[in-house]
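Working through the structure, step by step
As a plain string of letters, each chain reads:
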Amino acid sequence: MNLNHTDSSTEIRNLVMRERHLAVSEREWKHRLRGYGYAIRDTAEGRFVTSIRQDAPLCQLS
């Protein structure tokens, strides 16, 4: 399946928010995301989902 950037960002955001709903705490949520290869980074511009392998922002949460 060939996804453009918007579709990919939407799927990542949906996964991240689903995992947040399932997690009991923010710490558990971040731990669960690491299993998918993602991390949450808080910046002055907002909260971003980043790739652990590439240390690059993938999409913005807020």
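Higher on the page you've got the structure.
Rules of the game
Residues numbered from 1 in each chain as written. Predicted model: local features only at pLDDT ≥ 70, side-chain atom pairs only at ≥ 80, totals over all residues. Heavy atoms only, no water. Salt bridge = Lys/Arg side-chain N within 4 Å of Asp/Glu carboxyl O. Helix = DSSP H or I, 4+ residues; strand = E, 2+ residues; numbered from the N terminus. Buried < 20%, exposed > 50% of the residue type's maximum accessible area, 1.4 Å probe, protein only. Contact = heavy atoms within 4.5 Å.

1. Focus on the pattern of salt bridges
Scanning all chains against the criterion turns up seven salt bridges. Across the pair K30 and E26 runs a salt bridge whose closest N-O atoms are separated by 3.5 Å. In this pair, K30 and E26 are both assigned in helix α2 (residues 26-36), four residues apart and thus about one turn of the helix distant. Using a relative accessible area of 30% as the deciding quantity, one classes E26 as partly exposed. Residues R32 and E28 are paired through a salt bridge, measuring 3.4 Å at the closest nitrogen-oxygen approach. Residue R32 and its partner E28 are both found in helix α2; the two are separated by four residues, about one turn of the helix.

2. Brief notes about the side chain of S51
You can see S51 is positioned in strand β2 (residues 46-51). Filtering out sequence-adjacent residues up to four positions away, S51 remains in contact with G37, A56 and L58.

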